[in-house]
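Here are the chains, one letter per residue:
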Amino acid sequence: MKNREKHGLSNQPVIDSHMHIEKATTVQRAVEIYDLICDYYNYERFGLNALTGINNDFIDFGSNVKALYVKSVMNEKDPKKCYVFGHIHHYLDGKDTAEGFLRQAKQLYEMGVDGYKFIEGKPGFRKDTGYAIDDPIYDKMYEFIQEKGLPVLHHVADPAKCWDITKATPIMIQRGWVYDESYRTLAELRAETEGLLRKFPSLKVTLAHFYFTSDDYEGAVRLMETYPNVCLDLTPGGEMFKGFSEDIEKWRAFFVKYQDRILYGTDTYNIDYGNNPDDYEDSGDAGHRNNFVRFALEKHEPFEDIHFGTIIPLDLPEDIRKKIYHDNYIRIAGDTPRKVNKAVCAQKAAMLAEIFEHGLVPIRTHGTPELETENMKTCYKYFS
């Protein structure tokens, strides 16, 4: 029994715009995991976002290559199955330059990415880089991306309560998502984001996690009215759906008005729970996120969530859900993913395999140096 049948969800085709590859699996197993998830949750396609590093505690130089391996393998069976948004790496030292960021953007484009994933606006990473989201050091890179017409997915800020220890949840505290005066404020991060949007008015920007605006209706409306190229994704932070519940009629009207600019996403990872789909649903990770977002869009009656209590669903009509689940992503990312340049990817994989095997760069991922070396060798063999 598929997930939709178990929970009475619609049989509409769905694209999960926001998935990741950063957990400790082989690249071959990652393909199997995404296949299983797509089949069980009725995902026609998915967007896979690479993440090469967010601080000195997490560095995964191979993330872009692994994501493009998954895309290429899966798209051999279904040419429209997988899109990849590549990640620009920050070295957090003198190697971070305008020319360096531009060079990375060009290389990723040549490798065959469909867009770019940015996390410079997450408060901790923004503090580490020392660069504003709209700093001129990024201008050449964004000029190139805007010229090529590829979309970007930007994580900016975090929920407002992260700046107030008395309101932060235990998980926020546990993960270090509580920010004192040494971090940029929420207002400052949003001002920097708008600086970027003004600089590059044709840039196709999706702001992840609904830009954490579910407690700021007026701000969300002003954003959408001021920047017509901006879209929002529904990847939880589940607090957004609790926020919608506080004034459901107002937010339902928002979804109706901006139905062409909202995307479905879950933040699902390549965590290996085995081959039984029920184990993914019961994991509290993949299953909870998928069902939580879909219940909030489709259900007619309030439902109980393990983390956020009673949620009043948006109860959107099928034609609007079709846009959020599917059509909006196609319009932004294209009907057919770009071709992977196997020759360029093979060259990159070979270089990384050698570097990893000899310990020439730090590898601080959820896996081991041995696993990441083996993954690069697998990618090289496949792409060659």
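Bear in mind that the values here come from a model prediction, so they are computed numbers and not experimental data. (Residues numbered from 1 in each chain as written. Predicted model: local features only at pLDDT ≥ 70, side-chain atom pairs only at ≥ 80, totals over all residues. Heavy atoms only, no water.)

A. The arrangement of the side chain of Arg 294 in detail. If you trace the backbone, Arg 294 turns up in helix α13 (residues 286-298). Owing to a relative accessible area of 2%, Arg 294 belongs among the buried residues under this scheme. (Helix = DSSP H or I, 4+ residues; strand = E, 2+ residues; numbered from the N terminus. Buried < 20%, exposed > 50% of the residue type's maximum accessible area, 1.4 Å probe, protein only.)

B. Examining the pattern of salt bridges more closely. What the rule picks out here adds up to 28 salt bridges. Notably, a salt bridge pairs Asp 139 with Lys 199, separated by 2.9 Å at the nearest N-O pair. Taken as a pair, Asp 139 in helix α6 (residues 139-148) and Lys 199 in helix α8 (residues 186-199) lie far apart in primary sequence, 60 residues in all. With relative accessibility at 18%, the residue Asp 139 sits in the buried group. Taken together, the salt bridges that share partners define one network made up of Glu 44, Arg 45, Lys 80 and Asp 335. (Salt bridge = Lys/Arg side-chain N within 4 Å of Asp/Glu carboxyl O.)

C. Up close: the packing of aromatic side chains. One pass over the structure, following the stated rule, counts 34 aromatic pairs. Between the aromatic rings of Tyr 43 and Tyr 264, the centroid separation amounts to 6.0 Å while the plane-to-plane angle is 65 degrees, which identifies the pairing as edge-to-face. Taken together, the residues Tyr 43 in strand β2 (residues 43-49) and Tyr 264 in the loop between β10 (262-263) and α12 (277-281) connect sequence positions 221 residues apart. By relative accessible area, which is 2% here, Tyr 43 ends up buried. (Phe/Tyr/Trp six-rings, centres within 6.5 Å; stacked < 30°, edge-to-face > 60°.)

D. A look at the environment of Glu 374. Its location among the elements puts Glu 374 in helix α16 (residues 369-383). For Glu 374, a relative accessible area of 45% corresponds to the partly exposed category. Along the chain, Glu 374 and Tyr 258 lie 116 residues apart, while their C-alpha atoms are 45 Å from each other.

E. The arrangement of helix α10 (residues 239-246) in detail. Burial analysis of α10 places 6 of its 8 residues in the buried class, which makes it a mostly covered element. Of the positions making up α10, those classed as buried are Glu 239, Met 240, Phe 241, Gly 243, Phe 244 and Ser 245.

F. Expanded view of helix α11 (residues 248-257). Taken residue by residue, α11 has Ile 248, Trp 251, Arg 252, Phe 254 and Phe 255 as its buried positions. Viewed end-on, α11 has its buried residues packed into an arc of 155 degrees, placing them on one side of the element. In α11, the exposed residues that point more than 90 degrees away from the buried face are Glu 249 and Lys 257. (Arc of directions from axis to C-beta.)

G. Quick peek at the sheet that holds β2. Ordered by their spatial adjacency, 8 strands build an open sheet running β1-β2-β5-β6-β7-β8-β9-β10, and the pairing between neighbours is parallel. Both outer strands of the open sheet, β1 (14-20) and β10, are each paired with one neighbouring strand and no more. Where α6 meets the sheet, its contacts fall on β6 (115-121) and β7 (152-156), and the angle it forms with β6 comes to roughly 150 degrees. (Pairing = 2+ DSSP bridges. Contact = heavy atoms within 4.5 Å. Axes fitted to C-alpha atoms, helices over the stretch in contact; angles between N-to-C directions.)

H. Highlighting the side chain of Arg 261. Locating Arg 261 in the fold gives a position in the loop between α11 and β10. With no salt bridge to any partner, buried Arg 261 finds its closest opposite charge in Glu 225, at an N-O distance of 5.8 Å. Among the polar contacts made by the side chain of Arg 261, one reaches the main-chain carbonyl oxygen of Met 224 at a distance of 3.0 Å. Excluding anything up to four places from it in sequence, Arg 261 contacts Met 224, Tyr 227, Pro 228, Asn 229, Val 230, Cys 231, Leu 232, Asn 328 and Arg 331. (Lys, Arg positive; Asp, Glu negative; His and termini not counted. Polar contact = N/O pair within 3.5 Å; in protein donor to acceptor, adjacent residues only side chain to side chain.)

I. Structural view of unusual backbone geometry. Although it is not a glycine, Ala 157 sits at a positive phi angle of roughly 70 degrees. One can find Ala 157 in the loop between β7 and α7 (170-174). Even without glycine at this site, Asp 267 takes up a positive phi of about 65 degrees. Position of Asp 267 among the secondary structure elements: in the loop between β10 and α12.

J. Focus on the pairing of β1. With 7 of 7 residues buried, β1 lies mostly within the body of the structure. Strand direction decides the pairing type here: β1 and β2, joined by 5 bridges, are parallel. In the strand pairing of β2, Asp 16 is matched with Phe 46. The β-α-β motif built from β1, the intervening helix α2 (residues 27-40) and the parallel element β2 has right-handed crossover chirality. (Right-handed = clockwise from strand over helix to strand, strands pointing away.)

K. View of the nonpolar core. Leu 48, Val 70, Tyr 116, Leu 234, Phe 254, Phe 255 and Leu 297 are the most contacted members of the largest nonpolar core, which totals 102 residues. Setting aside chain neighbours within four positions, we find Leu 297 in contact with Leu 234, Phe 255, Tyr 264, Leu 314, Asp 315, Leu 316, Arg 321, Ile 324 and Tyr 325. Within the second largest apolar cluster, 11 residues are counted, among which are Tyr 83, Leu 153, Cys 231 and Ala 333. (Core = buried A, V, L, I, M, F, W, Y, C linked by side-chain atoms within 4.5 Å.)

L. Structural view of the pairing of β6. Of all the 7 residues making up β6, 7 are buried; the element is thus mostly covered by neighbouring parts of the structure. Bridging between β6 and β7 involves 4 bridges; their strand directions are parallel. When the bridges of β7 are listed, Tyr 116 appears paired with Val 152.

Shape is all these values report; function is a separate question.
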